[in-house]
Every structure is written in C-alpha cells, then in structure tokens.
Amino acid sequence: MTAPTSAPDSASSAAPNILLIYTGGTIGMIEDAHTGALVPFDLSHLMENVPKIGRLGYHISHEQFNPPIDSSNMNPAHWKALATMIADAYDTYDAFVVLHGTDTMAYTASALSFMLKNLAKPVIITGSQLPIGEIREDGTENLITALQIAAARDASGAPRVQEVAISFGRHLWRGNRSTKVSSTNFGAFRSFNFPSLADMDLHITYHDKFLLHPEPSAAFKLEAAMDDAVGVIWLYPGITENVLRAQLENEQAKGFVLRTFGAGNAPTESWFTRALADAVKAGKLIVNVTQCPAGGVEEKRYATGDALAQAGVVSGYDMTCEAALTKMMHLFGQGLAAADVAQQMQVALAGELTRP
Ligand code: ASP
C-alpha cells in the first residue's frame, strides 16, 4: 500500500479531510493494449482522469492496495487490511471513501460494518460498471458523489452518514443490507429489506430517520479478526442426503448459512431434518436465510420452516447472505462459542437485520 499523498493546495483548512482508498475493480481499470482485457491501473491515473475532484475543494489523500485487485479475489485478509487502514487513519481523517470492484462489494461492506465498531464517521464504498478512463462511463459520477456524501455534515456539524454505506448510481444503501443485482445496469446494487439512506437526483436527499448513529459514549474500535471456517449451503429441489451431509459433516466448518426457500422453508423428509439436527448436535451453527432477494425468514409460518427450527436451526430473519456470512465469520473470529454466536446472529449489531 502506498503512503498517503499530500492534500491539494486549493483546499481551505475548513475543508473535509478525506482518505480515498483504492482497492481495485473496474472503476480504475484500463484496457491492456495487447490482450484487450481490463487490468487495474495506478490510483494517480484515476485522479488524472477526474480533474473535477480538485473543484470539490476537499483535502483528499489516497492509499491503495498494491497491487489493486479484482474484487473476485477479495478475502478476509483483504477486509482486515482495509479495516486496519481505516482504523489507523481514523483520528486523522473526517471520512473514508473506498473504491472497490462491484462483484464482492456487498461482502466487503458487510464485513467492514462488523469490524468497525461504533463508527461515527462515513465509510462510503463505491465503484463502477465502466472504467473511468472510457469515454462513456459511470465511475466519475459515482466517485464524485461518494466524496460529496463523505463530506456531508448535518446542522450541528456532525457527519451526516456515520456508517458503512454503498453509494452507487442514484442511491446510497446501508452496506450490510446491500446486494449486487446487475452486472450491466448502472444501478448495480439494491437493498431489498431496508430503504435507501439517500437518493441522488438533482439534489442528494438524505433519509435521516434511516441513518445509523453510534452510542455517544461508545468509542470507535477495530475488531478485525475473522474466522473463515464457515460456509453457505444452497438448497434446491432434488438435493440428496449425501450432498447435504458432505457439507454439514465437514470437520473444519463451525457454521453454515442455509439458503432456504421462501419464508425460510426446506424439505420435511426425515433424512433432511435429521442431517441438520445431527450437525447442530455436533456443535455446528446453522443460520436460516432465504434465497429470495426480498423478505425474510418466518420459521413458524409453514410446517416446512418449523421443522428447521425444531432441528435447532437459527433464524437469520431478513439478513442478506452477505451479511449473515460475514457476521458469522466476525463472531467466530472474536472467539465466541457457537451458542453465543447463535444468540448474536439474531441481534442487529450494525443495522443488518430487523426482527418481525
Ligand atoms: N470484476 C470487477 C470487480 O469486481 C467488476 C467490477 O468492478 O465491477 O472487481
């Protein structure tokens, strides 16, 4: 990672101090002259391509992953590096903007929301569908808007946004409620179970009642340890006992997110419920999250869901899979026992779930 560059001379001392962190992704990519494939380029080129940034009048310093990566290569070690970069610079800067590939942006946003405890400053993540160096692209607007949101203050002078959020296209979404919904649309993200935090049209309109605020007395702290001994099991009609048990009985795994049907339903055949009950008895945590993009788990609604609850499967309510998985990694990473992780999975730690 490179050292931060100095702030632009034109910015006044009252201007916000923003740390821009470039991790990689399409926003900063350029076509390789020989292969035609998109490859990441250096952040200084990105800044050259967006001279308008200077007109904002902010103090902007930057750091970057070295080398920048396609977000398909992101893993918990990268999340830890990113969260640590933010925590180390927390007192120096007013706000943080992270440039990130769209493919796994929702996972990173979710992971950061659990790692950066009692956040009182904006961490705004953005990227783009087309590289900033192209003639027609969405990266310039996404970057400028993310910087403006990061710089926004309320009437008392406090940061308007005090959480990890994804700013993309026309909306600002809570990071741990977001999901990538399109590989082509300029509105690549949606949060199906929570309203937008702001909408970007002619004006940026904030929906203050949905914004998170930390406990005033709680100090910011970094909890970056993640345990990757977890997994996701996706149900489908025709899943067999062998396939299911091969996953559940993996000795390395401590817990699973179970992607169920509809309101949290699954087959009621006895081999199925027995396989889950056996895994729970063996100490594994299984959290029920629906495959539906919108809505959540209501285990008692149908007998098919109730059977899961009887087997010891825990409801993930309306959490996204991205949030449930990274939350489980985070909680096991803090050294909690499965029973405590189970209890915490059902409590909102960073606005990631709503209990009915
Ligand atoms: N593959 C790219 C990435 O996620 C796609 C993007 O940036 O939109 O890094």
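You'll find the structure just up there.
This is a predicted model, so every value here is computed, not measured.

Applying the stated criterion across every chain, the model contains twelve salt bridges. The partner of Glu223 in a salt bridge is Lys221, with the nearest N and O atoms 3.4 Å apart. Relative accessible area serves as the criterion here: at 42%, Lys221 is assigned to the partly exposed category. Note that Asp278 is salt-bridged to Arg245, the shortest N-O span being 3.0 Å.

Taken together, Gly25, Thr26, Asp70, Ser71, Gly101, Thr102, Asp103 and Ser128 make up the full set of residues near the ligand. One of the side-chain N or O atoms of Asp70 is found 2.9 Å from a nitrogen atom in the ligand. Within the side chain of Thr102, an N or O atom sits 2.4 Å from an oxygen atom of the ligand. Here the residues of the shell around the ligand are counted per class, giving no nonpolar, six polar and two charged.

Taken in spatial order, the eight strands of this open sheet run S4-S1-S5-S7-S8-S9-S12-S13, and their pairing is mixed. With one partner strand each, in any of the chains shown, strand S4 (59–64) and strand S13 (204–206) form the two edges of the open sheet. Ignoring strand direction, the axes of neighbouring strands in this sheet form an average angle of 25°. Bridging between strand S1 (residues 17–22) and strand S5 (residues 95–99) involves five bridges; their strand directions are parallel.

So, how was this worked out
Residues numbered from 1 in each chain as written. Predicted model: local features only at pLDDT ≥ 70, side-chain atom pairs only at ≥ 80, totals over all residues. Heavy atoms only, no water. Salt bridge = Lys/Arg side-chain N within 4 Å of Asp/Glu carboxyl O. Buried < 20%, exposed > 50% of the residue type's maximum accessible area, 1.4 Å probe, protein only. Near = heavy atom within 4 Å. Polar contact = N/O pair within 3.5 Å; in protein donor to acceptor, adjacent residues only side chain to side chain. Nonpolar A, V, L, I, M, F, W, Y, C, P; charged D, E, K, R; others polar. Pairing = 2+ DSSP bridges. Helix = DSSP H or I, 4+ residues; strand = E, 2+ residues; numbered from the N terminus. Axes fitted to C-alpha atoms, helices over the stretch in contact; angles between N-to-C directions.

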